[in-house]
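Per-entry structural report
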Number of protein chains: 10
Amino acid sequence: MYTTSSRSKLDGYETNTLQTSQHPYLPASSATLFQAKATQKLSFEQIGQHIGRSEVAAAAIFYGQAKASPEDIQKLSELLGIHHGLLEEQLSGFPDRGRSVEMPPKEPLIYRLYEIVQNYGYAYKAVLNEKFGDGIMSAISFSTKVEKETDADGNNWAVITLRGKW
Amino acid sequence: MYTTSSRSKLDGYETNTLQTSQHPYLPASSATLFQAKATQKLSFEQIGQHIGRSEVAAAAIFYGQAKASPEDIQKLSELLGIHHGLLEEQLSGFPDRGRSVEMPPKEPLIYRLYEIVQNYGYAYKAVLNEKFGDGIMSAISFSTKVEKETDADGNNWAVITLRGKW
Amino acid sequence: MYTTSSRSKLDGYETNTLQTSQHPYLPASSATLFQAKATQKLSFEQIGQHIGRSEVAAAAIFYGQAKASPEDIQKLSELLGIHHGLLEEQLSGFPDRGRSVEMPPKEPLIYRLYEIVQNYGYAYKAVLNEKFGDGIMSAISFSTKVEKETDADGNNWAVITLRGKW
Amino acid sequence: MYTTSSRSKLDGYETNTLQTSQHPYLPASSATLFQAKATQKLSFEQIGQHIGRSEVAAAAIFYGQAKASPEDIQKLSELLGIHHGLLEEQLSGFPDRGRSVEMPPKEPLIYRLYEIVQNYGYAYKAVLNEKFGDGIMSAISFSTKVEKETDADGNNWAVITLRGKW
Amino acid sequence: MYTTSSRSKLDGYETNTLQTSQHPYLPASSATLFQAKATQKLSFEQIGQHIGRSEVAAAAIFYGQAKASPEDIQKLSELLGIHHGLLEEQLSGFPDRGRSVEMPPKEPLIYRLYEIVQNYGYAYKAVLNEKFGDGIMSAISFSTKVEKETDADGNNWAVITLRGKW
Amino acid sequence: MYTTSSRSKLDGYETNTLQTSQHPYLPASSATLFQAKATQKLSFEQIGQHIGRSEVAAAAIFYGQAKASPEDIQKLSELLGIHHGLLEEQLSGFPDRGRSVEMPPKEPLIYRLYEIVQNYGYAYKAVLNEKFGDGIMSAISFSTKVEKETDADGNNWAVITLRGKW
Amino acid sequence: MYTTSSRSKLDGYETNTLQTSQHPYLPASSATLFQAKATQKLSFEQIGQHIGRSEVAAAAIFYGQAKASPEDIQKLSELLGIHHGLLEEQLSGFPDRGRSVEMPPKEPLIYRLYEIVQNYGYAYKAVLNEKFGDGIMSAISFSTKVEKETDADGNNWAVITLRGKW
Amino acid sequence: MYTTSSRSKLDGYETNTLQTSQHPYLPASSATLFQAKATQKLSFEQIGQHIGRSEVAAAAIFYGQAKASPEDIQKLSELLGIHHGLLEEQLSGFPDRGRSVEMPPKEPLIYRLYEIVQNYGYAYKAVLNEKFGDGIMSAISFSTKVEKETDADGNNWAVITLRGKW
Amino acid sequence: MYTTSSRSKLDGYETNTLQTSQHPYLPASSATLFQAKATQKLSFEQIGQHIGRSEVAAAAIFYGQAKASPEDIQKLSELLGIHHGLLEEQLSGFPDRGRSVEMPPKEPLIYRLYEIVQNYGYAYKAVLNEKFGDGIMSAISFSTKVEKETDADGNNWAVITLRGKW
Amino acid sequence: MYTTSSRSKLDGYETNTLQTSQHPYLPASSATLFQAKATQKLSFEQIGQHIGRSEVAAAAIFYGQAKASPEDIQKLSELLGIHHGLLEEQLSGFPDRGRSVEMPPKEPLIYRLYEIVQNYGYAYKAVLNEKFGDGIMSAISFSTKVEKETDADGNNWAVITLRGKW
């Protein structure tokens with residue numbers, strides 16, 4: 001019914017860039033990575049494929065929210081044309097997570113996700129508890145992906161999947 | 001690889017109940033519905049199947065976060081043994097959404113979802129913008145579901161899917 | 001191009017009701033008025049026409065955000081079948097405005113209006129200053145209305161107009 | 001009855017300028033655009049006419065709240081005398097919306113809009129639900145404009161119209 | 001030029017009443033006093049004259065923000081027809097000030113005063129320091145009054161005077 | 001009874017200065033104006049007299065809270081010895097009000113004014129409503145002044161008058 | 001020079017009472033103790049002398065901020081005429097401290113103490129560190145008292161002493 | 001019983017220094033004063049003795065919380081070896097108090113003082129009201145000191161005295 | 001060196017009780033359990049031993065922060081003399097965790113734990129990352145205990161151990 | 001059963017580094033220390049052993065949360081190859097604690113510790129009070145350590161011990 005498609009090729013106009021003035025708490029690696037991405041006109045889909053991770057995981061490295069492995073650093077360095085030593089130094093520590101979004105989010109797209117938690121939080125908890133018993137879904141042993149579906153009427157739907165260990 | 005299973009039969013011990021003292025801002029319908037659910041020992045899976053909606057949507061009606069249609073009211077009344085007139089009166093208005101979770105969430109399970117938004121918010125936005133262009137994923141023309149997967153090692157994984165119109 | 005329509009007739013299922021447990025800071029008149037409105041199955045459009053005010057102004061009286069004149073009280077008493085003395089007593093004071101919405105709003109529909117202020121606030125200010133010079137748009141010498149438009153494709157559009165003295 | 005007028009010609013004294021020290025979270029494009037606007041002594045009315053958008057939409061691009069299309073960038077570059085490459089680079093990303101107004105707003109003019117949401121929020125919701133049923137007015141598929149009316153007594157009125165898809 | 005006038009006679013419709021549900025943190029005396037005031041249809045001007053205090057001071061006693069002297073209690077008891085023992089008991093303690101307005105104020109009229117502090121705070125400080133040297137204006141050894149002026153064009157002006165010991 | 005006096009002559013020691021590190025959100029004009037004022041050793045009383053405004057209004061221009069007219073700019077330029085072009089450029093926009101005081105105020109003198117609003121807010125509202133009916137005192141069509149009184153015992157009293165259109 | 005005096009005899013008018021509606025988070029013992037104190041017209045000075053503690057410590061027991069020993073309970077029961085069993089039951093637990101003042105304090109008298117911490121906090125720290133080295137003044141192994149001094153001009157001074165183990 | 005002692009001689013290791021990165025809102029004078037103090041290895045006790053003020057008052061000048069008199073400036077200039085003109089310029093304005101401690105305090109030592117206000121606030125108020133009647137202890141006509149006591153067991157006690165006009 | 005001891009026998013005076021007025025958001029089971037505990041004069045040590053859990057886990061069940069198993073309910077019912085059906089009903093749901101402590105904690109003892117997180121948070125993270133690599137210590141697959149040590153000088157030390165899966 | 005192990009040798013990739021842009025409120029010493037640690041590729045375990053303190057205490061010095069003794073400074077200078085005079089100057093003051101973690105913590109690992117306080121706070125208090133009587137566990141006379149345990153199944157467990165004087 002649905003077809004899944006995406007736009008892996010970015011024209012210069014739609015590259016994600018980072019306004020560092022707007023993100024003062026991101027690590028130095030973020031500026032380095034986003035600048036190279038803009039120069040190379042690469043999408044996160046292409047970057048994710050290159051490093052063998054989902055697009056969201058690739059973007060999370062860019063925003064300093066996920067740890068890059070030595071292999072990630074190697075591949076990012078090659079793909080993006082960043083000096084390996086520089087990238088290794090900037091990505092060598094452990095991520096100081098949680099710094100990219102000021103809560104509650106002001107950005108409308110991110111606010112919609114926040115709103116889902118606000119409105120459906122207890123409904124999720126009730127269903128999860130009934131399915132799994134008492135416990136919790138990990139946000140760390142966790143993977144997530146974004147897909148695009150187009151229905152028969154030509155409408156696009158964004159599908160976000162969260163998968164966490166119980 | 002994964003098998004999807006769930007526990008639709010509740011023993012009395014694991015019924016979701018509502019501590020009304022803990023949820024002062026829920027509508028009157030919530031107490032009515034949860035009390036009947038506990039008496040009937042029904043799971044949200046059973047309730048969702050009966051009214052033809054996902055479990056999460058069923059739970060959202062219980063928490064006053066979704067509008068029940070006249071058909072929903074009819075079926076809930078039958079299944080839960082609640083007087084139709086009472087339920088119709090209590091569910092007749094438009095939901096005053098957003099009242100069930102105090103933000104930031106204190107409940108650890110719900111906090112994990114909040115944390116995902118906090119950590120991955122801009123990564124989602126970046127990937128969504130690249131896939132769809134400028135715009136937003138609706139949190140209203142929106143459906144969501146929870147599934148349980150068990151991997152080869154016997155570990156359980158909770159899978160939450162969010163699907164919103166772009 | 002657009003046709004403006006509305007649904008003045010409420011079936012019982014879609015009457016606006018007031019969950020008083022969810023609105024602890026509203027005045028006593030709110031419960032009285034909403035209860036009678038539900039009993040009479042009247043829409044705000046009908047009520048507004050009866051008292052000669054816009055629907056929004058009528059609703060604002062119900063939520064304790066606008067002062068009812070003696071004539072308003074007289075007409076509301078007749079239309080809604082509320083004892084005049086009771087309504088006069090409950091509506092006799094001056095409104096203690098601002099108590100109905102806890103900011104930031106949790107309700108998604110109201111949040112969207114809040115988001116417009118958050119995103120467009122300075123754009124409005126810049127345009128207003130250029131059109132009117134330094135000053136301010138009154139939120140007191142102010143009227144507002146809501147209209148419904150349906151476009152050629154059958155999509156509905158909500159149109160909110162704010163008109164304030166400079 | 002009313003005459004609609006505006007002042008499209010700015011004298012130097014009343015140009016909107018941007019105090020960048022007061023808006024640290026705006027993107028780099030904002031400084032570029034406002035500086036050129038001041039130099040060219042252009043009003044948002046003139047700019048909006050040139051790019052074929054409403055004044056408010058034009059101002060929203062200046063404040064980083066709306067995405068400029070390649071055509072917008074082309075026309076803004078010409079009108080404002082900004083190097084096209086620079087403007088393209090600064091406006092190429094996706095807007096990080098919501099950064100211009102710190103909520104609750106301190107600016108009196110913007111606060112009045114906030115106050116309208118605070119006071120009339122539930123009245124709008126009640127009327128909209130009765131007119132449209134359950135749902136929401138989009139703040140994204142959305143347009144807005146500002147008009148100036150002068151009544152018979154010579155008083156000026158600011159009229160803001162919000163139009164969002166349901 | 002200006003004439004100072006006021007309306008000391010209240011018709012029932014415009015008596016200030018206290019919605020106790022809206023003011024849960026006021027002392028018991030507030031309900032007693034406001035109820036008697038409504039019954040007696042007295043204005044604060046009349047009450048202030050009777051007890052020999054300004055209107056604002058009289059209202060401050062009603063809201064639990066000022067200490068009533070034994071003489072005040074005696075006179076209020078007589079004027080308002082409240083049993084002296086009851087009033088003495090309810091007013092015998094020391095006021096627990098600051099409980100009537102939740103800050104920032106949501107009430108538009110009170111917000112305007114808050115806005116004046118927000119906008120003019122440092123201007124007042126600068127002028128006061130230049131006039132008086134380093135120090136502070138007492139908010140305790142302090143009196144205040146409200147007057148009404150009508151200008152030649154028939155416009156009303158509210159004049160609030162604050163007088164505090166340096 | 002009272003004599004009104006003030007100290008228009010500043011010795012260098014008691015000039016109001018602006019610690020720009022403490023006021024990062026003030027416009028560039030503030031630094032320019034305060035620096036010149038310190039150099040010229042002028043009081044706000046002298047400045048106000050020169051531009052024909054109250055001292056508080058003069059100070060409000062310095063803090064970026066009031067719009068300077070072309071005449072104000074001309075006179076301030078002359079009196080303070082600031083290059084007219086620079087001052088015109090820095091003061092040409094519309095004020096972005098509300099940025100000078102972080103609420104709640106930490107400064108004790110400004111806090112006392114805040115405390116008056118907190119304690120007397122509803123008393124003012126009650127008295128104003130009884131004198132004027134429903135409505136609001138404008139904080140925009142508004143003037144204010146500060147006076148110094150010395151009583152028979154030699155005590156100084158600060159008298160602040162707020163005058164706003166109803 | 002100074003004479004220290006106090007008023008140990010309360011007339012009924014100046015007894016401290018507890019408005020329980022204003023202190024919803026105090027324990028049940030608070031209402032019991034304050035009611036008996038009002039009936040007996042006893043001051044905290046008299047109560048403190050009877051139980052052999054400072055006035056402030058006695059008041060702290062009343063507000064649920066200090067643990068009453070069995071001897072305290074015995075003596076309070078006798079002095080205040082409260083049934084020993086009731087008082088023992090209400091005071092038997094461990095205090096849940098910190099519930100009496102909502103921070104920042106709205107009460108002006110308590111705010112002044114808060115303001116001292118706000119203004120002098122680092123000055124105290126600097127002096128304490130220089131006198132004692134690195135460390136902290138205990139707020140638990142701690143005693144405090146209030147004294148009244150009258151100077152030669154008849155002015156009263158409140159002297160609060162804080163003494164904490166380093 | 002107790003002996004009062006202090007350490008007026010600082011070795012370089014225990015000089016109070018100011019991490020200006022941690023105190024961005026202090027005035028320029030703070031950096032000047034602390035730097036000179038570190039160079040001169042002077043304690044606040046020595047500085048206080050030199051300018052004839054308590055140690056805490058001396059420290060308050062360093063943190064920009066108290067006004068330095070011309071004599072203070074003269075003596076500080078001499079003792080600390082700071083150019084008089086520079087110090088006069090930096091200390092010439094009126095203090096913008098309240099900027100040194102972000103409330104609630106994060107620093108444990110300062111938090112203990114805050115905690116005392118939180119726990120004992122109403123106990124102080126109750127005792128003060130009984131001793132002095134209705135009113136307030138000034139935080140402006142106010143002096144404070146810190147003393148060190150050593151008890152028979154060799155334990156050190158910090159004694160802070162607050163003395164304010166009623 | 002250290003001896004570990006505790007006081008398992010409670011005299012009535014030191015039983016932990018629950019002031020339900022102070023904990024409005026706890027579930028109904030909390031009142032039931034604490035009341036029975038006070039009647040039976042049992043310590044958490046005795047209760048923990050009876051149900052085969054640590055004292056802290058036992059207390060966590062009382063505060064509604066941990067799920068009681070059917071066996072726990074059986075044993076608690078016996079030990080505390082509570083009707084099994086009542087306890088089963090009150091404890092049958094899934095805990096709504098996080099409701100017992102309002103953050104930041106006002107209670108000094110709990111605040112000290114909060115302060116440890118505030119001060120040592122990044123130190124813990126740094127050491128944990130170095131010992132375990134990137135990841136997280138679970139607060140759910142987690143156990144904790146409290147021990148009492150007395151050193152050679154007779155000082156008591158509280159030892160809290162947190163043990164969480166990585 | 002458990003074996004305790006750790007990784008004292010850091011490869012360059014897993015050194016803890018400090019993103020100073022993310023920690024604007026840390027003292028200057030933090031940047032100096034972390035930079036040298038990265039250069040020397042030393043773990044906190046090695047550093048702690050060298051200075052004779054626990055790893056956590058060593059890390060706390062790096063984050064400016066603990067006072068370094070002259071011996072600590074000497075040893076850190078040697079081990080890390082930092083000029084002694086520079087380190088002495090940067091570490092000479094008294095720590096301004098509490099600046100490293102913004103509460104509530106956004107970092108997931110630190111949040112888990114915060115969550116433990118939120119969920120178990122009253123359980124700890126109840127058990128501690130029963131074991132020790134009324135009082136408090138010091139967060140200053142306090143030591144803490146982190147250990148790593150590996151269970152029979154190969155799972156790693158983080159064990160954090162807090163030990164504070166009562």
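Worth saying up front: this structure is predicted, and the values here are computed from it rather than measured.

The rules we used
Residue indices begin from 1 for each chain and proceed along its sequence in written order. Each chain gets a letter, beginning with A, and each ligand a number, beginning with 1, in the order they are written. In keeping with the predicted nature of the model, local features appear solely for residues at pLDDT of at least 70, side-chain atom pairs appear and are counted solely at 80 or more, and the whole-chain, interface and lining totals rest on all residues. As a convention, hydrogens and water are excluded, and side-chain values are obtained from all of the structure's heavy atoms. Segments assigned H or I by DSSP are reported as helices when at least four residues long, segments assigned E as strands when at least two residues long, and all are numbered from the N terminus. Here's how the labels work: a residue is buried when its accessible area is under 20% of the maximum for its type, exposed when over 50%, partly exposed in between, all with a 1.4 Å probe on protein chains only. Whether two residues are in contact is decided by their heavy atoms: any pair within 4.5 Å suffices. Residue burial considers only the protein chains on display, and all accessible areas are found by Shrake-Rupley using a 1.4 Å probe. UniProt positions are given in the numbering used here, feature names are shortened, and annotations may be inferred rather than shown by experiment. By the criterion applied in these results, polar contacts are pairs of N or O atoms within 3.5 Å in which, for protein atoms, one can donate a hydrogen and the other can accept it, and in which residues neighboring in sequence qualify only through two side-chain atoms. If DSSP finds at least two bridges between two strands, the strands pair. Throughout, buried area stands for the accessible area (probe radius 1.4 Å) lost by two parts on being put together, summed over both. A carboxyl oxygen of Asp or Glu within 4 Å of a side-chain nitrogen of Lys or Arg is what we treat as a salt bridge. Charged residues are taken to be Asp, Glu, Lys and Arg, nonpolar residues to be Ala, Val, Leu, Ile, Met, Phe, Trp, Tyr, Cys and Pro, and polar residues to be all remaining types, Gly included. Here the copies were fitted onto each other by least squares, based on C-alpha atoms from residues at pLDDT of at least 70 in both. Here pLDDT means the predictor's own confidence in every residue, given as a number from 0 to 100. Patch definition: residues above 30% relative accessible area lacking any salt bridge, with like charges linked at up to 9 Å and the nonpolar side chains Val, Leu, Ile, Met, Phe, Trp and Tyr linked at up to 5 Å. Counting rule applied: Lys, Arg positive; Asp, Glu negative; His and chain ends not counted. Lys charges are placed at NZ, Arg charges at CZ, Asp charges at CG and Glu charges at CD. A fitted line through C-alpha atoms represents every axis, and for helices the fit uses only the stretch in contact; the resulting angles, taken between N-to-C directions, go from 0 to 180 degrees. These descriptions rest on fixed angle ranges, namely under 35 degrees for roughly parallel, over 145 for roughly antiparallel, 65 to 115 for roughly perpendicular, and the rest for oblique. Should the near helix be turned anticlockwise from the far one by less than a right angle, the crossing is termed left-handed; should it be turned clockwise, right-handed. Note that the arc is computed from the directions linking the helix axis to the C-beta atoms.

On a plain count of helices and strands, chain A comes out with 6 helices and 3 strands. Within chain A, the fraction of its 166 residues that count as buried is 65%. Long-range contacts, defined as pairs at least 24 residues apart, comprise 55% of the intrachain contacts of chain A with a sequence gap of at least 6. Surface accessibility of chain A: about 5,900 Å² in total, with carbon and sulfur atoms responsible for 47%.

This part takes up the UniProt feature "active site" (unreviewed entry) in chain A. The feature "active site" (unreviewed entry), as given by UniProt, occupies Arg112, Glu115 and Ser138 of chain A in the numbering adopted here. Its location among the elements puts Glu115 of chain A in helix H6 (residues 108-132). Among all residues touching Glu115 of chain A, those that are not within four sequence positions of it are Ala139 of chain B together with Pro108, Tyr111 and Arg112 of chain C. Position of Ser138 of chain A relative to the elements: it lies in the loop between H6 and strand E2 (142-150). If we ignore the near neighbours within four places in the chain, the residues touching Ser138 of chain A are Gly164 and Lys165 of chain A. Looking at Ser138 of chain A, its side chain comes within polar contact range of the main-chain nitrogen of Ser141 of chain A, at 2.9 Å.

On to the UniProt feature "domain: Cyanate lyase C-terminal" (unreviewed entry) in chain A. Per the UniProt entry, the sites bearing "domain: Cyanate lyase C-terminal" (unreviewed entry) are residues 99-166 of chain A in this numbering. Note that residues 99-166 of chain A is 37% helix and 28% strand, and that its end C-alpha atoms are spaced 26 Å apart.

Next up on the list: the pairing of strand E2 (residues 142-150) of chain C. Looking at chain direction, E2 of chain C and strand E3 (residues 156-165) of chain C are connected through 9 bridges and run antiparallel. Residue pairing for E3 of chain C: Glu147 of chain C is matched across the bridge by Val159 of chain C.

Within the secondary structure layout, Lys125 of chain C lies in helix H6 (residues 108-132). Within polar-contact distance, the side chain of Lys125 of chain C engages the backbone oxygen of Pro95 of chain F at 2.9 Å.

This part is about the interface of chain I and chain J. By convention, interface size is frequently given as the accessible area that disappears when the constituent parts associate. Listed by partner, the interface residues are 72 residues for chain I and 72 residues for chain J. Here chain I and chain J share an interface that buries about 7,500 Å² over both sides, 68% of which is from carbon and sulfur atoms. If you sort the residues of chain I by the area they bury against chain J, Tyr122, Glu130 and Lys131 of chain I come out on top, with a joint share of 12%. Our count for the chain I to chain J interface comes out at 8 salt bridges. The partner of Lys125 of chain I in a salt bridge is Glu107 of chain J, with the nearest N and O atoms 3.4 Å apart. Elements with a contribution of two residues or more to the side of chain I that touches chain J: helix H2 (44-51), helix H3 (55-62), helix H6 (108-132), strand E2 (142-150) and strand E3 (156-165) of chain I. Of the residues in the side of chain I that touches chain J, the class split is 36 nonpolar, 19 polar and 17 charged. Pairing of E3 of chain I with strand E3 (residues 156-165) of chain J involves 9 bridges; the strand directions are antiparallel. When the bridges of E3 of chain J are listed, Ile160 of chain I appears paired with Leu162 of chain J.

What follows covers the interface of chain H and chain G. Facing 72 residues of chain H, the contacting portion of chain G comprises 72 residues. Of the roughly 7,500 Å² buried at the junction of chain H and chain G (both faces included), carbon and sulfur atoms supply 68%. Three residues, Tyr122, Glu130 and Lys131 of chain H, lead the burial of chain H against chain G; their summed loss comes to 12% of the area buried on that side. Across the contact surface, chain H and chain G share 8 salt bridges. Listed by contribution, the elements that provide at least two residues to the side of chain H that touches chain G are helix H2 (44-51), helix H3 (55-62), helix H6 (108-132), strand E2 (142-150) and strand E3 (156-165) of chain H. Here the element with the most residues in the side of chain H that touches chain G is H6 of chain H; it accounts for 24 residues. Residue composition of the side of chain H that touches chain G, by class: 36 nonpolar, 19 polar and 17 charged.

Least-squares fitting of chain I to chain J yields an RMSD of 0.0 Å, with the superposition described by an axial translation of 0.0 Å and a rotation of 180°. The superposition operator between the copies reduces to a two-fold rotation axis. Every residue of chain I has its C-alpha some distance from the rotation axis, and the shortest such distance is that of Thr161 of chain I, at 2.3 Å.

What follows deals with the confidence of the model for chain A. Residues and elements named next belong to chain A. Averaged over all residues, the pLDDT of chain A is 88; the fraction at 70 or higher stands at 89%. When pLDDT is averaged over each element of chain A, helix H4 (residues 70-80) comes out on top at 96 and strand E1 (residues 3-4) at the bottom at 41. Here the complex is predicted with pTM 0.92, and the ipTM for its interfaces comes to 0.91.

What follows concerns the pairing of strand E3 (residues 156-165) of chain F. Among the 10 residues of E3 of chain F, 8 are classified as buried, and the element is accordingly described as predominantly covered. Hairpin geometry of strand E2 (residues 142-150) of chain F and E3 of chain F is characterised by an intervening segment of 5 residues between the two adjacent antiparallel strands and by a positive phi of about 85° at Gly154 of chain F.

Together, Glu102 of chain A, Glu102 of chain D, Glu102 of chain F, Glu102 of chain H together with Glu102 of chain J make up a negatively charged patch on the protein surface. Within the element layout of this structure, Glu102 of chain J appears in the loop between helix H5 (84-91) and helix H6 (108-132). Given the relative accessible area of 56%, Glu102 of chain J is considered exposed.

Viewed as axis vectors pointing N to C, H6 of chain I and H6 of chain J meet at an angle of 140°, and their least axial separation amounts to 9 Å. Classified by the angle between their axes, H6 of chain I and H6 of chain J sit oblique to one another. Of the two possible hands of crossing, H6 of chain I and H6 of chain J adopt the one that is right-handed. Residues Leu109, Ile110, Leu113, Tyr114, Val117, Gly121, Tyr122, Tyr124, Lys125, Leu128 and Asn129 of chain I of H6 of chain I touch H6 of chain J, and the partners they reach there are Leu109, Ile110, Leu113, Tyr114, Val117, Gly121, Tyr122, Tyr124, Lys125, Leu128 and Asn129 of chain J. For the contact of H6 of chain I with H6 of chain J, the class distribution of residues is 16 nonpolar, 4 polar and 2 charged.

Turning our eyes to something else, we now look at the pattern of salt bridges. Scanning the model with the defined rule gives 90 salt bridges over all chains in all. With a shortest N-O distance of 2.9 Å, Asp72 of chain B and Arg53 of chain B are connected by a salt bridge. One end of the pair, Asp72 of chain B, is in helix H4 (residues 70-80); the other, Arg53 of chain B, is in the loop between helix H2 (44-51) and helix H3 (55-62), with 19 residues separating them in the sequence. What makes Asp72 of chain B buried here is its relative accessible area of 5%. For Arg53 of chain B, a relative accessible area of 30% translates into the label partly exposed. Note that Glu149 of chain C is salt-bridged to Arg163 of chain D, the shortest N-O span being 2.9 Å. Remark: Arg163 of chain D occurs in strand E3 (residues 156-165) and Glu149 of chain C occurs in strand E2; the pair is interchain, linking two chains. Here the two residues Glu149 of chain C and Arg163 of chain D agree in accessibility, since each one is buried.

Our focus in this paragraph is the environment of Ala60 of chain F. Residues and elements named next belong to chain F. With respect to the secondary-structure elements, Ala60 resides in helix H3 (residues 55-62). Take Ala60: its relative accessible area is 0%, and that puts it in the buried class. Separated by 40 residues in the primary sequence, Ala60 and Ser100 place their C-alpha atoms 9.8 Å from one another.

Once that is clear, we can look at the relation of the copies chain H and chain G. By a simple turn and slide, chain H fits onto chain G: the slide is 0.0 Å along the axis, the RMSD is 0.0 Å, and the turn is 180°. Interface overlap between copies: 100% of the residues of chain H at the interface are likewise at the interface in chain G, consistent with a symmetric, same-surface contact.

Right, let's get into the environment of Leu33 of chain B. All names here are of chain B. Here Leu33 lies in helix H1 (residues 28-40). With relative accessibility at 0%, the residue Leu33 sits in the buried group. C-alpha separation for the pair Leu33 and Leu76, spaced 43 residues apart in sequence, amounts to 8.5 Å. Every residue in contact with Leu33, bar those within four places of it in the chain, is listed here: Ile61, Phe62, Leu76, Leu80, Ile82 and Leu87.

It is worth spelling out unusual backbone geometry at this point. Where the residue is not glycine, phi is negative for most of them; where a peptide bond is considered, it is trans in most cases. Cis geometry marks the peptide bond from Met103 of chain B to Pro104 of chain B, where omega comes out at -5°. Position of Pro104 of chain B among the secondary structure elements: in the loop between helix H5 (84-91) and helix H6 (108-132). Not every positive phi belongs to a glycine, and Lys41 of chain E is a case in point at roughly 50°. Tracing the chain through its elements places Lys41 of chain E in the loop between helix H1 (28-40) and helix H2 (44-51).

Further remarks concern helix H2 (residues 44-51) of chain D. At 3.6 residues per turn, the α-helix brings residues three or four places apart onto the same side. Buried within H2 of chain D are the following residues: Phe44, Glu45, Ile47, Gly48 and Ile51 of chain D. Axial view of H2 of chain D: buried residues confined to an arc of 165°, hence all on one face. Looking at the buried residues of H2 of chain D, the elements they touch are H6 of chain C together with helix H1 (28-40), helix H3 (55-62) and helix H4 (70-80) of chain D. Just downstream of H2 of chain D lies Gly52 of chain D, where phi reads positive at about 70°.

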